[in-house]
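# Close look at the chain arrangement
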Amino acid sequence: MAAGQDVLRWKTPRPRNVLFVDGEMQGWMLQERLAGIVKGYGGPVPELLRIITPDCQPDFLANLATPEGQAALDPALAGVELLILDNLATLCRVGKENEAESWLPVQAWLLSLRRRGIAVVVVHHANKNGGQRGTSSREDVMDTVIALLPVKDHAPADGARFEVHLQKARGLAGSGADPFVARLVAKDDTFQWTTHPLSENVDKILSLADQGKSVREIAKLTDIPKSTVQRALEKHLPTKSSASPRPPAGRRVPASQS
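Residues numbered from 1 in each chain as written. Predicted model: local features only at pLDDT ≥ 70, side-chain atom pairs only at ≥ 80, totals over all residues. Heavy atoms only, no water.

### A few points about the overall build of the chain
The criterion, for reference: In this text, helices come from DSSP runs of H or I with a minimum length of four residues, and strands from runs of E with a minimum of two, each type numbered from the N-terminal end. Contacts are residue-level and defined by heavy atoms, with any inter-residue pair within 4.5 Å sufficient. Under the counting rule used here, the positive set is Lys and Arg, the negative set is Asp and Glu, and His together with the chain ends is not counted. Lys charges are placed at NZ, Arg charges at CZ, Asp charges at CG and Glu charges at CD.
Tallying secondary structure elements over the chain gives eight helices and eight strands in all. Structurally, the chain occupies a C-alpha span of about 75 × 45 × 35 Å along its principal axes. Long-range contacts, defined as pairs at least 24 residues apart, comprise 61% of the intrachain contacts of the chain with a sequence gap of at least 6. Taken together, the 32 basic and 29 acidic charged side chains of the chain have centroids lying 8 Å from each other.

Rendered as structure tokens:
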């Protein structure tokens, strides 16, 4: 974003002023990862990118779930167009994670940043079932919710490789909302992202629809979000059939009886 480069399948019309606030990685590891990404697209490090990491702070990074923590970060937000918080558990430490009320102070702050014209990307961990950890009320004010799901045939040698699903996307429709597989390829200290369609999932969805499975049943059997299943059925089946499963292949649908 700071270099005006494409991000996976999304375009960056022009470079943006980006502040990346890290609450997890060690400083040397962050430097190594950044150097590899810059080398991957042909550098140099973009001037519009700034990074705040606990390793370079005199005290541990401020708690952004409190007014004091938000005020401490505010001077660094001057001129920022995109704020990335990585991640929620380490940067916003207050209350119980599964209680909606504990999220309200952070939500109010994020909405205030939106009013100031600052876009925010919040990175959060998944729970053991693949959904987000804690209260789902975090998604209420989000314009976009992106889930990174494990690939079924993933092997350790593949490195970072996962399915990208848009579970919520205001103002985004058509092919732009289609899921895909992303992989971070590491070679000679260089990091580059590659993507490919999730066509194999479409085949699974249509096959299960042919067997008479509902959207909910297909989502449960494939671990694919229901919204993704519904979009695939609407895109690849006739309109009237998208609301209900197709009849099994090779069978005729009996005429309705009066």
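So that's the structure; there's more coming.
### Things to note about the sheet that holds strand 5 (residues 144–150)
Rules: Pairing between strands is defined by DSSP: at least two bridges between the two strands are required. Note on method: axes are straight lines fitted to C-alpha atoms, helices fitted across the in-contact stretch only, with angles between N-to-C directions ranging 0 to 180 degrees.
A sheet is described by the order of its strands in space; here four strands give the open sequence 5-6-7-8, paired in antiparallel fashion. Both edges of this open sheet fall to strand 5 and strand 8 (190–197), since each of them pairs with a single strand only. Across the sheet, the mean angle separating the axes of adjacent strands is 30 degrees when strand polarity is ignored. Pairing analysis gives four bridges linking strand 6 (residues 161–169) to strand 7 (residues 180–187), with the strands arranged antiparallel. Looking across to strand 7, one finds that Arg-161 is bridged to Arg-183.

### Examining the sheet that holds strand 2 (residues 49–52)
Taken in spatial order, the four strands line up as 2-1-3-4 in an open sheet, and their pairing is parallel. A single partner strand is all that each edge strand has here, and the edge strands are strand 2 and strand 4 (119–123). The average undirected angle you get between the axes of adjacent strands in this sheet is 15 degrees. Where strand 1 (residues 18–22) meets strand 3 (residues 82–86), five bridges bridge the pair, whose relative direction is parallel.

### Overview of the packing of helix 6 (residues 215–222) against helix 7 (residues 226–236)
Packed helix pairs are characterised by how far apart their axes lie and by the angle those axes make with each other. Note the following rule: Orientation labels follow simple angle bins: below 35 degrees gives roughly parallel, above 145 gives roughly antiparallel, 65 to 115 gives roughly perpendicular, and whatever is left gives oblique. By the definition used in this description, the sense in which the near helix is turned from the far one sets the handedness, with an anticlockwise turn below a right angle giving left-handed and a clockwise turn giving right-handed. Residues are grouped as follows: Ala, Val, Leu, Ile, Met, Phe, Trp, Tyr, Cys and Pro are nonpolar; Asp, Glu, Lys and Arg are charged; all remaining types, including Gly, are polar.
Where helix 6 contacts helix 7, the axes come no closer than 9 Å and their chain directions differ by 120 degrees. Considering the angle they form, helix 6 stands oblique to helix 7. As for how helix 6 packs across helix 7, the hand of that crossing is right-handed. Of the residues in helix 7, those in contact with Val-215, Arg-216, Ile-218 and Ala-219 of helix 6 are Lys-226, Val-229, Gln-230 and Leu-233. A per-class count over the contact of helix 6 with helix 7 returns five nonpolar, one polar and two charged.

### Here we look at the confidence of the model for the chain
Our working rule: Values of pLDDT, the confidence the predictor places in each residue, fall between 0 and 100.
Across the chain, the average pLDDT comes to 83, with 90% of residues at 70 or higher. The low-confidence segment residues 239–258, where pLDDT is below 50, has 16 contacts with residues more than four positions distant or belonging to other chains.

### Observations regarding the environment of Gly-176
Within the fold, Gly-176 resides in the loop between strand 6 and strand 7. Ignoring anything within four residues of it in the chain, the contact list for Gly-176 reads Trp-10 and Leu-166.

### Digging into helix 4 (residues 100–115)
Short version of the rule: To estimate how far a helix should extend, the number of its residues minus one is multiplied by 1.5 Å. Axes are fitted to the seven residues ending at a residue and to the seven starting at it; the angle between these axes is taken as the bend at that residue. For the exposure calls, accessible area comes from a 1.4 Å probe over protein chains only, and a residue counts as buried if that area is under 20% of its type's maximum, exposed if over 50%, partly exposed in between.
Between its terminal C-alpha atoms helix 4 stretches 22 Å, which fits the 22 Å expected from 16 residues at 1.5 Å a residue. Maximal helix bending in helix 4 amounts to about 30 degrees, located at Val-106. For helix 4, the full list of buried residues reads Ser-102, Trp-103, Val-106, Gln-107, Trp-109, Leu-110 and Leu-113. If you follow the buried residues of helix 4, they end up packed against helix 2 (67–73), strand 3, helix 3 (88–91) and strand 4. Gly-117 occupies a position one or two residues after helix 4 and carries a positive phi of about 85 degrees.

### Details of the packing of aromatic side chains
The following threshold applies: Side-chain rings of Phe, Tyr and Trp (the six-membered ring for Trp) are treated as a pair once their centres are within 6.5 Å; stacked means planes under 30 degrees apart, edge-to-face means over 60, and tilted covers the remaining angles. Comment: the charge-over-ring label is applied if NZ (Lys) or CZ (Arg) is within 6 Å of the ring centre and within 35 degrees of the ring normal.
Applying the stated criterion to the full structure yields two aromatic pairs. Judged by centre distance (5.7 Å) and plane angle (65 degrees), the ring pair of Trp-10 and Phe-180 falls under edge-to-face. Residue Trp-10 is located in the segment before strand 1, and its partner Phe-180 is located in strand 7; the two are separated by 170 residues in the primary sequence. Given a relative accessible area of 27%, Trp-10 falls into the partly exposed group. The aromatic ring of Phe-191 is capped on one face by Arg-33, whose charged end is 5.3 Å from the ring centroid.

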